[in-house]
Amino acid sequence: MLIGEVARRSGVSARMLRHYESLGLVRPSGRTGSGYREYSMEDIQRVFHIESLRSLGLSLREIGRALHEPGFTPSALVDDLIRQTRERIAAETELLTRLRRIHAAEPADWENVLKVVALLQALGSKSADARQRAALSSGEEVPVPVEALVEAALSETDANVAGALRWALARSGEGGPALLAEGLGSPVAAVRERAVRSLVEMPGAEATARLRDALAHPDAVVRGYAALALGTRGVADAVPTLLDMIVQGRNDTDAADALSVLSSDAMLADRIATGLVERLAGGTTEAPARGRLTQALAGIPGPKASHALVELSHDEDRAVALTAAYLLRLRDGVRRD
């Protein structure tokens, strides 16, 4: 079979077939009387073998070794090809992510494209100062895509940079709460904490809704941050978690302050006082927790909280009784004033 027919059947150009011949990969078995190359069926089969190996990503040099060296086993080469392919996919994925983020910033011209690229590079810098400056400059001239800010916030370990990123996210507009909520599902506790700390600084109804969902999170740290934030936003759903925090001694002072804010609603004040009293009456509540619950009653207005303090001033736990009596005197002083 002549070279033109081989090229037609195999899909390999005549020029490439000549190149293969120059490298010694495949040589036509004979020549016609006129001197033209003539390929046998074995030669054509070898061409298909070469193309099959090329489809796996082998170089022509590696193909030559595979065809000519009996001791050249495929396992090591295939392992190396897998590694190279993974590296190439990672690089292409990184490029695609960068392009999407530039597209999301909606740059007006190439100057803005370069500014977005510079900001994205700064967010990934090894220098904490550079990362912080990038976060603080977000949105001044060109917006940094929310996705990039969230990714940076979830991976940031420097406290100052993390604060700057949370500030930037709070000003970033839509999309942030949903992405941060995905971070709450991370298997890494530190990432979950970064996600919820960023979420509590996000304004708006969507962030509040995501924080409500976080009250049911299995991670107590996530629940705690969510409850404290919701308490300052006047969301009554946070009350049970805040009460649990006081009992468990986790940020109990902040939890009591949040309950005090919520108790500005008279009906909610009665509910909070009832919850504190119920936990005080619980047989499994230990002495330190009863002390914290008693102190929390100080910030709850209304007759129900006052009545509870009167009862507690006669408690058999002397520390609780003294605390309750002291708080009653303070309340009486406030009423007289």
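Because the structure is predicted, anything quoted here is derived from the model rather than measured.

Engineer: Help me understand the overall build of the protein in this model?
Structural biologist: Along its length, the protein carries 19 helices and two strands. Expected size for 337 residues packed as a compact globule is a radius of gyration near 20 Å; at 35 Å, the protein overshoots this value by more than 25%. C-alpha atoms of the protein, sized along the principal axes, occupy 125 × 50 × 35 Å. Relative to its 337 residues, the protein shows a buried fraction of 39%. Taken as a whole, the protein presents about 19100 Å² of accessible surface, with 53% of it coming from carbon and sulfur.

Engineer: Hey, could you run me through the pattern of salt bridges in this one?
Structural biologist: Side-chain pairs of opposite charge can arise where the charged atoms are in close proximity. In total, this model carries 13 salt bridges according to the counting rule given. Of the charged contacts in the structure, one is a salt bridge between arginine 212 and aspartate 237, with a shortest N-O distance of 3.0 Å. Residue arginine 212 is found in helix α12 (residues 205–214), and its partner aspartate 237 is found in the loop between α13 (220–232) and α14 (239–248); the two are separated by 25 residues along the sequence. Relative accessible area serves as the criterion here: at 39%, arginine 212 is assigned to the partly exposed category.

Engineer: How should I be thinking about unusual backbone geometry in this particular structure?
Structural biologist: Keep in mind that most residues, glycine aside, have a negative phi and that most peptide bonds are trans. Of note, the phi angle at asparagine 251 is positive, near 50°, even though the residue is not glycine. Tracing the backbone through its elements, the reader meets asparagine 251 in the loop between α14 and α15 (252–262). Given a relative accessible area of 45%, asparagine 251 falls into the partly exposed group.

Engineer: For this particular structure, what's the right way to read the side chain of glutamate 156?
Structural biologist: With respect to the helices and strands, the residue glutamate 156 is situated in the loop between α8 (146–155) and α9 (159–170). Owing to a relative accessible area of 7%, glutamate 156 belongs among the buried residues under this scheme. If we skip the residues at most four places from it in the chain, glutamate 156 touches Arg131, Val161, Ala162, Leu165 and Arg194.

Engineer: Just checking my understanding: could you explain the UniProt feature "domain: HTH merR-type" (unreviewed entry) in the protein for this structure?
Structural biologist: The feature "domain: HTH merR-type" (unreviewed entry), as given by UniProt, occupies residues 1–69 in the numbering adopted here. Secondary structure over residues 1–69 splits into 61% helix and 6% strand, and the C-alpha atoms at its two ends are 28 Å apart.

Engineer: What should I look at first to understand the confidence of the model for the protein in this one?
Structural biologist: Low-confidence regions, as indicated by low pLDDT, have predicted coordinates that should not be scrutinised in detail. Mean pLDDT over the protein stands at 88; residues scoring 70 or higher make up 96%. Within the protein, no element has a lower average pLDDT than helix α5 (residues 74–104), which sits at 80, and none a higher one than helix α11 (residues 189–200), at 97.

Engineer: I keep staring at the nonpolar core and nothing clicks. Help me out?
Structural biologist: A general tendency of soluble globular proteins is for nonpolar side chains to be buried together. Formed by 69 residues in total, the largest nonpolar core has its most connected members in Leu242 and Leu276. Considering every element that reaches this core, the biggest residue donor is α8, with seven residues. Once residues lying within four places of it in the same chain are set aside, the contact partners of leucine 276 are Leu243, Ile246, Leu293, Ala296, Leu297 and Ile300. Counting 16 residues, the second largest nonpolar core, distinct from the first, contains Ala7, Tyr39, Ile44 and Val47.

Engineer: Quick question: what am I supposed to make of the packing of α11 against α13 here?
Structural biologist: Two elements in contact, α11 and α13, have axes separated by 9 Å at closest approach and are oriented at 5°. Overall, the two elements α11 and α13 adopt an arrangement that is roughly parallel. Contacts from Arg192, Glu193, Val196, Arg197 and Val200 of α11 reach α13 at Val221, Val222, Tyr225, Ala226 and Ala229. Taken together, the residues of the contact of α11 with α13 sort by class into seven nonpolar, no polar and three charged.

Engineer: Even after reading the chapter, I still don't get the side chain of arginine 290, so can you show me in this structure?
Structural biologist: Here arginine 290 lies in helix α17 (residues 287–296). Overall, arginine 290 belongs to the buried group, its relative accessible area being 13%. The contacts of arginine 290, once residues within four sequence positions are left out, are Leu280, Thr285, Leu312, Asp315, Asp317 and Val320.

Engineer: What is the right way to read α9 from this model?
Structural biologist: For an α-helix the count is 3.6 residues per turn, leaving residues at separations of three or four pointing the same way. Taking 1.5 Å per residue, twelve residues should reach 16 Å; α9 reaches 17 Å between its end C-alpha atoms and fits that length. Those residues of α9 that are buried lie in contact with α6 (110–123), α7 (128–136), α8, α10 (176–183) and α11. Two or three places before asparagine 160, at the start of α9, stands the capping residue aspartate 158, its side-chain oxygen 3.0 Å from that residue's backbone nitrogen.

Engineer: For this particular structure, what's the right way to read the environment of leucine 99?
Structural biologist: By the secondary structure assignment, leucine 99 is in helix α5. Using a relative accessible area of 48% as the deciding quantity, one classes leucine 99 as partly exposed. Through-space distance from the C-alpha of leucine 99 to that of glycine 33 is 59 Å; in sequence the pair is 66 residues apart.

Engineer: Just to check I follow, could you spell out the packing of α8 against α10 for this structure?
Structural biologist: Describing two packed helices takes the angle between their axes plus the distance from one axis to the other. Relative to each other, α8 and α10 sit at 35°, their axes nearing to 10 Å. Seen from above, α8 lies across α10 with right-handed handedness. Across the interface between the two elements, Val146, Glu147, Val150 and Leu154 from α8 touch Gly176, Leu179, Leu180 and Gly183 from α10. Of the residues assigned to the contact of α8 with α10, the class counts are five nonpolar, two polar and one charged.

Engineer: For this particular structure, what's the right way to read helix α2 (residues 14–23)?
Structural biologist: Buried residues of α2: Leu17, Tyr20 and Glu21, and no others. Projected down its long axis, α2 carries its buried residues within an arc of 100°, all on one side. Every exposed residue of α2 that faces more than 90 degrees away from the buried side is listed here: Arg15 and Ser22. Looking at the buried side of α2, the elements it contacts are α1 (3–10), β1 (30–31), β2 (37–38), α3 (41–55) and α4 (60–68).

Reading the values: the criteria
- Residues numbered from 1 in each chain as written.
- Predicted model: local features only at pLDDT ≥ 70, side-chain atom pairs only at ≥ 80, totals over all residues.
- Heavy atoms only, no water.
- Helix = DSSP H or I, 4+ residues; strand = E, 2+ residues; numbered from the N terminus.
- Rg over C-alpha atoms; globule rule 2.2 N^0.38 Å.
- Buried < 20%, exposed > 50% of the residue type's maximum accessible area, 1.4 Å probe, protein only.
- Areas by Shrake-Rupley, 256 points an atom, 1.4 Å probe, with all protein chains shown as cover.
- Salt bridge = Lys/Arg side-chain N within 4 Å of Asp/Glu carboxyl O.
- Contact = heavy atoms within 4.5 Å.
- UniProt positions renumbered as here; feature names shortened; annotations may be inferred.
- pLDDT = per-residue confidence, 0-100.
- Core = buried A, V, L, I, M, F, W, Y, C linked by side-chain atoms within 4.5 Å.
- Axes fitted to C-alpha atoms, helices over the stretch in contact; angles between N-to-C directions.
- Parallel < 35°, antiparallel > 145°, perpendicular 65-115°, else oblique.
- Nonpolar A, V, L, I, M, F, W, Y, C, P; charged D, E, K, R; others polar.
- Expected span 1.5 Å × (residues − 1).
- Polar contact = N/O pair within 3.5 Å; in protein donor to acceptor, adjacent residues only side chain to side chain.
- Left-handed = near helix turned anticlockwise from the far one by under 90°.
- Arc of directions from axis to C-beta.

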